[in-house]
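# Observations on the model geometry
Listed here are the chains, written in short residue letters.
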Amino acid sequence: MIATVFEDAGALGAGPYAAEFRFYEELNDFLKPLQRKRALRYCFSGHPGIKDPIEAFGVPHTEVELIVVNGESVGFDYRLQPGDRVAVYPMFESFDVSPLLRLRDAPLRRSAFVLDVNLGKLARRLRMLGFDALYDNAYHDSQVADIAAREHRIVLTRDRRLLFARRITHGYWVRAVDPDRQVAEVLERFDLHGSIRPFARCMACNGVVEPVDKAAVWDRLEPKTRLYYDRFYRCAGCGRVYWAGTHVDDMRQRYLRPRG
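It should be emphasised that the depicted structure is a prediction, and the values quoted were computed from it without experimental measurement.

## Topic: the overall build of the protein chain
- What the protein chain contains, in helices and strands, is six helices and 13 strands.
- Relative to its 260 residues, the protein chain shows a buried fraction of 48%.
- The contacts in the protein chain between residues at least 6 apart in sequence include a share of 61% that link residues at least 24 apart.
- Entry remark: accessible area of the protein chain is about 13,900 Å², with carbon and sulfur atoms responsible for 48%.

Rendered as structure tokens:
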């Protein structure tokens, strides 16, 4: 089966059949400049699964939540037909699209992540906000994909090629380069502002953090910390001790949204 993608939306191509594709919102980030926000012709032979042309345009399947063909929602198992008009929409993790056909069993409301080797600073910041974020700078792409599939985690990556792995069902290509902007992007993307829980996760190891009596960690505290702070937390995994310093106030002001 041979198919060709054309940058020129008006090109008919050499294949015997053609379908029209249109990608919406942030899915255009994956397209070449001349392909963005316009109808695109996809020429093909046979009846390829619709997932193939979507990824041929450079859009990972993990970023797609809804496909509408000729006005009706379809799954990845749909076989492309000559003359099809295809609209492809990004994931709606924070919205209810249940009346339409989801392309995965359910959104990952648990919001547990696994991050690739390029996102170590983002991992620490997500943990600081209380999110379950697995990270190791020794992870290979195949390990990230295995962990995501085995533990039902959302993959966060700066390498869009990783999201083409078939066993990854939920993933997101982080656009920003600056770590603070990455945090804001992920919070916005997955609608997580209301789920922020400082001192729920260890910044160092991702272990669960629990309240601890001051007396139990007294010998590990600096004199000024003993004097000015009374509430402490300790990681159940590595034993690291935390307290609400000024960085926590800064974090709340930066990321927590006022209610109402």
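Read on for the rest.
## So, the sheet that holds strand β7 (residues 113-115)
- Strand order in the open sheet formed by four strands is β8-β7-β9-β10, with parallel pairing between adjacent strands. The open sheet has two edge strands with one neighbour each: β8 (133-134) and β10 (171-173).
- Note that β7 and strand β9 (residues 154-157) share three bridges and pair parallel. Each bridged residue has a counterpart across the sheet, and for phenylalanine 113 the counterpart in β9 is isoleucine 154.

## Overview of the pattern of salt bridges
- What the rule picks out here adds up to 12 salt bridges.
- Notably, a salt bridge pairs arginine 175 with aspartate 29, separated by 2.8 Å at the nearest N-O pair. Taken together, the residues arginine 175 in the loop between β10 and α4 (179-189) and aspartate 29 in the loop between β2 (17-23) and β3 (40-44) connect sequence positions 146 residues apart.
- Owing to a relative accessible area of 32%, aspartate 29 belongs among the partly exposed residues under this scheme.

## What about the sheet that holds strand β12 (residues 232-235)?
- One open sheet accounts for three strands, arranged β11-β12-β13; its pairing is antiparallel. Of all the strands in the sheet, the pair left with one neighbour each is β11 (209-212) and β13 (241-243). This sheet shows a mean twist of 35° between the axes of neighbouring strands, independent of strand direction.
- Pairing geometry for β12 and β13, over three bridges, is antiparallel. What sits directly across from arginine 234, in β13, is valine 241.

## Quick word on the nonpolar core
- Judged by nonpolar contacts, the single largest core of 33 residues is most densely connected at Phe21, Phe23, Ile50 and Ile54.
- Elements with a minimum of two residues in this core: β2, β3, β4 (64-69), β6 (85-90) and α3 (141-151).
- With sequence-adjacent residues up to four places away left out, isoleucine 54 is seen in contact with Phe21, Phe23, Val59, Val64, Ile67, Phe76 and Val88.
- By size, the runner-up hydrophobic cluster in this structure holds 30 residues, among which are Phe131, Ala133, Tyr233 and Tyr255.

Criteria and cut-off values
- Residues numbered from 1 in each chain as written.
- Predicted model: local features only at pLDDT ≥ 70, side-chain atom pairs only at ≥ 80, totals over all residues.
- Heavy atoms only, no water.
- Helix = DSSP H or I, 4+ residues; strand = E, 2+ residues; numbered from the N terminus.
- Buried < 20%, exposed > 50% of the residue type's maximum accessible area, 1.4 Å probe, protein only.
- Contact = heavy atoms within 4.5 Å.
- Areas by Shrake-Rupley, 256 points an atom, 1.4 Å probe, with all protein chains shown as cover.
- Pairing = 2+ DSSP bridges.
- Salt bridge = Lys/Arg side-chain N within 4 Å of Asp/Glu carboxyl O.
- Axes fitted to C-alpha atoms, helices over the stretch in contact; angles between N-to-C directions.
- Core = buried A, V, L, I, M, F, W, Y, C linked by side-chain atoms within 4.5 Å.

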